[in-house]
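Structural overview
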Amino acid sequence: MSKSMNKDQEPQQNVDEKLENNIEETASELEEAVGEKAKEAVADVSDEEKSEEGEVNGEENNADEESESEESEESEAEEDEGEEESAPVIEIPAPVSDEEKKANEKFRNLSLIDKCKQDPLIPVCVILAVLALIVAGIYFLLPNVLTPSMGMTLQEFQNRYNNGEVNKSLINSGADIGFRSPAYVDIKSQPSVLGDKEVISAKSAYADFFNGPLKYYSIGGIEGATRKSDNMLSYVRVYVLYGDGDGDFNTIWLYASNTISALYPELSMYQAMDIAMNAMNEFNGDERFYVKGDYAFRLVAAKKTGDGGVEYVYIVVDVVPRSALKADQIRKDFDAVSASAPASESASDTTAATSAATT
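Described in the following lines is the structure provided in the data block. Along each chain, numbering runs from 1 in the same order as the chain's sequence is written. Local features in this predicted model are restricted to residues whose pLDDT is 70 or higher, and side-chain atom pairs enter the listing and the counts only when it is 80 or higher, whereas totals over whole chains, interfaces and linings include all residues. Computation of side-chain values: all heavy atoms of the structure, hydrogens and water removed.

Structural notes on a nonpolar patch on the surface
There is a patch of nonpolar side chains on the surface, built from Leu-121, Val-124, Val-126, Ile-127, Leu-128, Val-130, Leu-131 and Ile-134 and spanning about 710 Å² of accessible area. To qualify as a helix, a DSSP run of H or I must reach at least 4 residues; to qualify as a strand, a run of E must reach at least 2; elements of each kind are numbered from the N terminus. By the secondary structure assignment, Val-130 is in helix α4 (residues 121-146). Patch membership requires more than 30% relative accessible area and the absence of a salt bridge. Residues of like charge join within 9 Å; the nonpolar side chains Val, Leu, Ile, Met, Phe, Trp and Tyr join within 5 Å. Reported accessibility uses the Shrake-Rupley method at a 1.4 Å probe radius. Residues are deemed covered only where the shown protein chains occlude them. Whenever a carboxyl oxygen of Asp or Glu lies within 4 Å of a side-chain nitrogen of Lys or Arg, that contact is scored as a salt bridge.

Things to note about the nonpolar core
Here, nonpolar core refers to any group of buried Ala, Val, Leu, Ile, Met, Phe, Trp, Tyr and Cys residues whose side-chain atoms link them within 4.5 Å. Relative accessible area decides the class of each residue, using a 1.4 Å probe on protein chains only: under 20% of the type maximum gives buried, over 50% gives exposed, and in between gives partly exposed. By size, the foremost hydrophobic cluster in this structure holds 43 residues, and its most contacted members are Phe-157, Tyr-161, Leu-233, Val-236, Tyr-255, Ile-260 and Phe-297. The greatest single-element share of this core, amounting to 8 residues, is contributed by helix α7 (residues 248-263). Only heavy atoms matter for contacts: two residues are in contact if any of them lie within 4.5 Å across the pair. Setting aside residues up to four positions removed in sequence, Tyr-255 forms contacts with Tyr-161, Ile-177, Leu-214, Tyr-217, Ile-219, Val-238 and Val-240.

So, the packing of aromatic side chains
The criterion for an aromatic pair is that two Phe, Tyr or Trp rings (for Trp, the six-membered ring) have centres within 6.5 Å, with stacked assigned to planes under 30 degrees apart, edge-to-face to planes over 60 apart and tilted to the rest. Evaluation of the coordinates by the stated rule reveals 7 aromatic pairs. Over a ring means this: the NZ of a Lys or the CZ of an Arg is within 6 Å of the ring centre and within 35 degrees of the ring normal. Cation over ring: Lys-292 sits above Tyr-264, and NZ or CZ is 5.7 Å from the ring centre.

Topic: the pattern of salt bridges
Tallied over the full model, the rule gives 13 salt bridges. Here Lys-215 and Asp-176 are joined by a salt bridge, their closest N and O atoms 3.5 Å apart. In this pair, Lys-215 is assigned in the loop between β2 (207-213) and β3 (220-227) and Asp-176 in the loop between α6 (165-172) and β1 (183-185), connecting sequence segments 39 residues apart. Given a relative accessible area of 21%, Lys-215 falls into the partly exposed group. A residue is classified by how much of its surface remains accessible, and Asp-176, at 12% relative accessible area, is buried. Here Glu-198 and Arg-237 are joined by a salt bridge, their closest N and O atoms 2.9 Å apart. Pair noted here: Glu-198 is in the loop between β1 and β2 and Arg-237 is in strand β4 (residues 233-242), with a separation of 39 residues, a long-range link. Judged by relative accessible area, which is 27%, Glu-198 ranks as partly exposed.

Points about the sheet that holds β4
A sheet is described by the order of its strands in space; here 8 strands give the open sequence β1-β2-β3-β4-β7-β6-β5-β8, paired in mixed fashion. Only two strands of the sheet have a single partner each, and these edge strands are β1 and β8 (330-333). The mean angle between the axes of side-by-side strands here comes to 30°, regardless of whether they run parallel or antiparallel. By this definition, two strands are paired if DSSP reports at least two bridges between them. Direction of pairing for β1 relative to β2: antiparallel, over a ladder of 3 bridges. Looking at β2, one finds that Val-185 is bridged to Phe-209. Taken strand by strand, helix α5 (residues 154-162) contacts β1, β2, β3, β4 and β6 (295-305), and its axis lies near 40° from that of β4. Across the sheet, α7 lies against β4, β6 and β7 (311-321), angled at about 165° from β4, the strand it touches most. What counts as an axis is a line fitted to C-alpha atoms, over the stretch in contact for a helix, and the angles between N-to-C directions run from 0 to 180 degrees.

If you want it as structure tokens, here you go:
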């Protein structure tokens, strides 16, 4: 019995062990299956969340775009409203009554004095307008009144002088009494060669002053002033050294003749030399001016101290605007005197002799 019972028990134990093994294997398979299912479920959930996030972001972007478009539309609407608000409002003036028309017409017919009595603002405006004219006249006109003009610039005078008929004749003979462009100087440190014999001068506030030597000779130079407002000459002076030499008279005559030729280019060389000769023959210390056209000139003897304290005597051809002179400053008017043929011939005969005096 016991053996048979033992035999029956052993198979039962084997069956139980097989069942336990099967259960364990089934459990492990279930665990693995559940794990894979869980992973797949997690992956599906994450994909769904991503898609939902994308949809949410897309909706947010669309919402932002819609809000921006709404804001732009609102701003355009505000600009349109602003333009409508800033548009000028045309006000139609109220019609003038008949009484006002009559009053205005009556006021217009009043004299200036009566208008000023009724409206004190009128005389104030008149006074201000007069003061404005006075100030403008002082600022713009006074400098020109105080500093008359010769109507030509320094460069124009230089071209006329260097190309004068007398100088061109001398150049053909091998001499040149022209001058280079002079430098502008301080009138206080380099005063005029005329000194106290200066009749027409200019103020430094309204004019610039120049002074320079002749082109090839050290016997003289040129000086003058130009207006600051328009660079026109106010006056110009050609001065030549005078000594005891026999040729001094002819040298001064040539410079004076060429200066007159520069002032009056319509004159022939002989006419210019005749006018200069008459002025030199009448030279007796009378310092008044000869007048012709728009210009006036004179011959003046002046002393100037040079280097080393040596005193030199110069004959100055002083040229000024005719408008700057008073009647008692005029000695002779050459417009009333015509150049004669004999005088022109005599001037022609002396041209060759005087050209040597400049060399």
